[in-house]
Amino acid sequence: MADENEDLTPITVITGFLGAGKTTLVNYILKEQKKWKIAVLENEFGEVSIDDGLVAEAMDAPEDIITMDNGCVCCSVRGDLVRTLGQLAQRRKDFDAVILETTGLADPAPVIYTIQTNPKMSEHYRIDSLITLADCKHIGLHLDEKKPDGSINEALQQVAFADKILLNKIDLVTKEEKEAVKARLASINKFATVIETEKSRAPLDKILGLNSFNMDSILNIEPGFFDTEEETKEPPKKKIHNLELVKSVGIQFEGNLHAQWFNIFMMDLLRERAADLYRTKGLLSFHGQGDTKFVFQGVHEQINFGPSAKSWGKDEKRINKFVFIGKNLDRAELTKGLMECLYKEE
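Residues numbered from 1 in each chain as written. Predicted model: local features only at pLDDT ≥ 70, side-chain atom pairs only at ≥ 80, totals over all residues. Heavy atoms only, no water.

Secondary structure assignment for the chain yields 11 helices and 13 strands. Taken over 346 residues, the chain has a buried fraction of 51%. When contacts within the chain are restricted to residue pairs at least 6 apart in sequence, those whose partners lie at least 24 apart make up 77%. In the structure as shown, the chain presents an accessible area of about 17300 Å², 50% of it carried by carbon and sulfur atoms. (Helix = DSSP H or I, 4+ residues; strand = E, 2+ residues; numbered from the N terminus. Buried < 20%, exposed > 50% of the residue type's maximum accessible area, 1.4 Å probe, protein only. Contact = heavy atoms within 4.5 Å. Areas by Shrake-Rupley, 256 points an atom, 1.4 Å probe, with all protein chains shown as cover.)

What follows is about the side chain of R318. Looking at where R318 falls in the secondary structure, it is placed in the loop between β12 (302–307) and β13 (319–327). Relative accessible area serves as the criterion here: at 19%, R318 is assigned to the buried category. At 3.1 Å, the side chain of R318 and the side chain of S285 are in polar contact. Only 3.2 Å separates the side chain of R318 from the side chain of D291, close enough to count as a polar contact. Beyond its immediate stretch of four places on either side in the chain, R318 contacts F253, E254, G255, N256, S285, G290, D291 and W312. (Polar contact = N/O pair within 3.5 Å; in protein donor to acceptor, adjacent residues only side chain to side chain.)

Moving on, we get to the pattern of salt bridges. Under the counting rule described, the total for this entry stands at 16 salt bridges. Salt-bridge contacts for E340 lead to K336; the nearest nitrogen and oxygen are separated by 2.9 Å. A relative accessible area of 54% places K336 in the exposed class. Taken together, the salt bridges that share partners define one network made up of D7, R92 and K93. (Salt bridge = Lys/Arg side-chain N within 4 Å of Asp/Glu carboxyl O.)

Core analysis: the biggest nonpolar cluster contains 51 residues, and I11, L85 and Y125 have the highest contact counts within it. When residues of this core are assigned to their parent elements, the largest contribution, five residues, is made by helix α8 (residues 154–161). Leave out the neighbours within four places in its chain, and I11 touches L85, V98, L100, I115, Y125, R126, I127, D128 and S129. (Core = buried A, V, L, I, M, F, W, Y, C linked by side-chain atoms within 4.5 Å.)

Moving on, we come to unusual backbone geometry. Negative phi is the rule for most residues except glycine; trans is the rule for most peptide bonds. Despite not being glycine, K169 has its phi angle at roughly 65°, a positive value. At H300, a residue that is not glycine, the phi angle is positive and equals roughly 55°. Mapped onto the secondary structure, H300 falls in the loop between β11 (294–299) and β12. According to the relative accessible area criterion, H300 is buried, its value standing at 9%.

This part takes up the side chain of R92. Following the sequence through the fold, R92 ends up in the loop between α4 (81–89) and β5 (97–101). At 3.0 Å, the side chain of R92 and the backbone oxygen of D7 are in polar contact. The contacts of R92, once residues within four sequence positions are left out, are D7, L8, T9, E123, H124 and Y125.

Below, the discussion takes up the packing of helix α10 (residues 259–273) against helix α11 (residues 331–339). Between α10 and α11, the shortest axis-to-axis distance is 9 Å and the interhelical angle comes to 150°. Of α11, the residues touching α10 (which contributes F262, F265 and L269) are L334, G337 and L338. Its residues assigned to classes, the contact of α10 with α11 shows five nonpolar, one polar and no charged. (Axes fitted to C-alpha atoms, helices over the stretch in contact; angles between N-to-C directions. Nonpolar A, V, L, I, M, F, W, Y, C, P; charged D, E, K, R; others polar.)

The share of residues in the chain with pLDDT of 70 or more is 80%, and the mean pLDDT across the chain is 80. Residue range residues 229–243 is modelled with pLDDT below 50. Its contacts to residues more than four positions away, or to other chains, number eight contacts. (pLDDT = per-residue confidence, 0-100.)

A few words on the sheet that holds β13. Judged by pairing direction, the sheet is antiparallel, and its five strands sit side by side in the order β9-β13-β10-β11-β12 without closing on themselves. Two strands in the sheet have a free side with no partner beyond their single neighbour: β9 (246–254) and β12. Here the strands of the sheet are splayed against their neighbours by 5° on average, with no regard to which way each runs. With six bridges joining them, strand β10 (residues 277–284) and β11 adopt antiparallel strand pairing. Paired with K281 across the bridge in β11 is Q297. Against the sheet, α8 makes contact with β9, β10, β11 and β13, and its axis sits at roughly 20° relative to β10, the strand it touches most. (Pairing = 2+ DSSP bridges.)

Written as structure tokens, this is what we have:
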């Protein structure tokens, strides 16, 4: 299974706010850097093209694909992602990665679902990670924007979905302003790594080949992320934007889960709250399953579940770990529901 996965071409989905520097980032990838060969797919969900000149050239090229001097390619996705990726499939081994730029798309779930479930896609590609590019100077305004119908704004969703956040234009703010922005981002999604950049010069080895959608990725989350505020011994500091509608919750506890009870809990949770759950991950120990570790990761109701590549160690504590990133999450309620799934000896 792992070997098959390694043979698939990784797709990195990059989203971001208008003016965050995505145009500059993509032009850097296509024109300046020489190390990586990347296929950049520019969609038309949004109103702003990556680079009018590049896209104009691509429109006139065969199959809407243009090859750059550094071996990268750029093409326009005209609403049919499957067709475009299908055209690239025969050449995919020429590339280290595919970057799918999704301006104007707050929720990447449809893209992820298409690639993971369409056989024409899943035999060639895999989702590698979700990257959000943010403008350090103006992101606060985007996050504070109130939608007329009371719904979550796109900026909050993009931060919530991210595996990594490229915090761009840090040269335009003071150190104090930057730290305040980073604290705000952490209050929404504390599991996303923040990479600081100027002029969109991102270290590509830090955003490509992450394998964040590998179900075992939860094994790499720092243990400190699961500490609750109540457990910390330091005096509470002034909270910044603690009332965010969107936030991340990490839960862990020791024991073996009852498989049937856990399945019922998750089915009920997804049935009632799937739209509110942007990202979920889990590491599980089930009663009666020996040393097999189980893992899952999901976007909304699309959950991939199975055995981990690593087993429980002989003396390893059976610590179950859960990550939820979403809207209106109640840590106490989630913890109570999960702990009720623990197997109890009769």
